[in-house]
Amino acid sequence: MSVPLSVRTEPLGRSVIRGDPYTVWVLKEGYCVSEADGSCRADGSITLLTGPLVIVVDTGGPWDRQLLLDRLAERGLQTGDVSHVICTHGHSDHVGNLNLFPGATLAVGCDVSQGDHYLSHGLGEGQPLALDPHVEVVPTPGHAGRDTSVLVLIPAIHIHATGRAGCCANRCGMFLSIAFAAVGFAGALYSLAVALLGLVNGPTCLFSYEGKPIWGAPFSEKYYGSNESYLVDRDLWKRCEEPKHVVEFNMVLFSILTVASAIELLLCGFQAVNGLFGCLCGTCGGKGQRA
Ligand SMILES: [Fe+2]
């Protein structure tokens, strides 16, 4: 992972993001509400990351002590199970329960310590601090001057979610991907057929036939037989009088659809084969890596 050049915050919209190896739990959602007298009511979020490391991001204020203990217990955790506590800055609603985690690695803003041992790192100089290959503490803009954010890499939620229950679920996930690929394949096949028919038959337009103006398909066998194809004889395009350039439009549109459908067919076909191998052989690698 690399340091983002700019940072924008957005509400998560949900309290759990399941992934592998990390799942993100929002234990408490923060808020900031302006009061009529110019003051404000504000409280920070409390977030838990569970995976190879157990990480609490912001501890809430002292008033959240019991809430934090309860939320951890609901997930089968005690304070001693938490390996890292990251406080994104030093305000009371972010550091109020640090004393619950005396054995954890503590990061407050750009200071990182284990007990009384302050560790060497580059957060103060703008460098990220990798806790493992999936989690980084990153210096970011904020309102306290030495603020950080926590970056969690959660790839391919569907596939990883299927892996949580082991190889059996993984095979089921791969089987599911075959079904998805089959639906995509069928749609692509239909699209390809429609596109080819549209390309071969040509557009509907206004043309003159036996002295009469007709709206129809001037390149179909019905009117002029099948000896000539408008695709190879550009002079035939003149048959279409209205709308202007409808032949070019028809050719470009259906050519794009043909190519897109063909690509989708290939991709869905590859995924079906991939899913079949995954279903038959499994996708579990490095079984010893998971706790
Ligand atoms: Fe703050």
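For the structure, check the block above.
Quick caveat, the model's predicted, so the values are computed rather than measured.

Each value, and the rule that gives it
Residues numbered from 1 in each chain as written. Predicted model: local features only at pLDDT ≥ 70, side-chain atom pairs only at ≥ 80, totals over all residues. Pairing = 2+ DSSP bridges. Helix = DSSP H or I, 4+ residues; strand = E, 2+ residues; numbered from the N terminus. Axes fitted to C-alpha atoms, helices over the stretch in contact; angles between N-to-C directions. Core = buried A, V, L, I, M, F, W, Y, C linked by C-beta atoms within 7 Å. Buried ≥ 20, exposed ≤ 12 C-beta atoms within 10 Å, placed from the backbone. Contact = placed C-beta atoms within 7 Å.

Participant: It is not clear to me how the sheet that holds strand 11 (residues 129–132) should be interpreted in this structure. Could you clarify?
Facilitator: By definition, the strands of a sheet pair up through backbone hydrogen bonds, in either a parallel or an antiparallel sense. The strand order across the open sheet built from three strands is 11-12-13, with neighbouring strands paired in antiparallel fashion. Single-partner strands in this sheet number two, and they are strand 11 and strand 13 (148–152). Neighbour-to-neighbour, the strand axes of this sheet turn through a mean angle of 20°, independent of strand direction. Of the pairings in the sheet, the one linking strand 11 to strand 12 (residues 135–139) comprises three bridges and is antiparallel in character. Looking at strand 12, one finds that Ala130 is bridged to Glu136.

Participant: Can you help me understand the nonpolar core in this one?
Facilitator: For soluble globular proteins, the rule of thumb is that nonpolar side chains tend to be buried together. Of all hydrophobic cores here, the largest spans 25 residues; its most connected members are Leu49, Val85 and Ile86. If you list the elements that add at least two residues to this core, you get strand 2 (23–28), strand 5 (46–50), strand 6 (54–57), helix 1 (65–74), strand 7 (84–87), strand 8 (105–108) and strand 12. Not counting residues within four places of it along the chain, the set of residues in contact with Val85 comprises Val56, Thr59, Leu98, Phe101, Ala104 and Leu106. Core analysis: the next-biggest nonpolar cluster, separate from the first, contains five residues, Cys205, Phe219, Tyr230 and Val247 among them.

Participant: What am I meant to see in the pairing of strand 5 here?
Facilitator: For a regular strand, the rule is simple: side chains alternate between the two faces of the sheet. Counting buried positions along strand 5 yields four of five residues, so the element is predominantly enclosed. Inspection of the sheet shows strand 5 paired to strand 6 by four bridges, in the antiparallel sense. Within strand 6, the position partnered with Leu49 by the bridge is Ile55. Taking the residues that link successive antiparallel strands as the turn, the strand 5-strand 6 hairpin has three residues.

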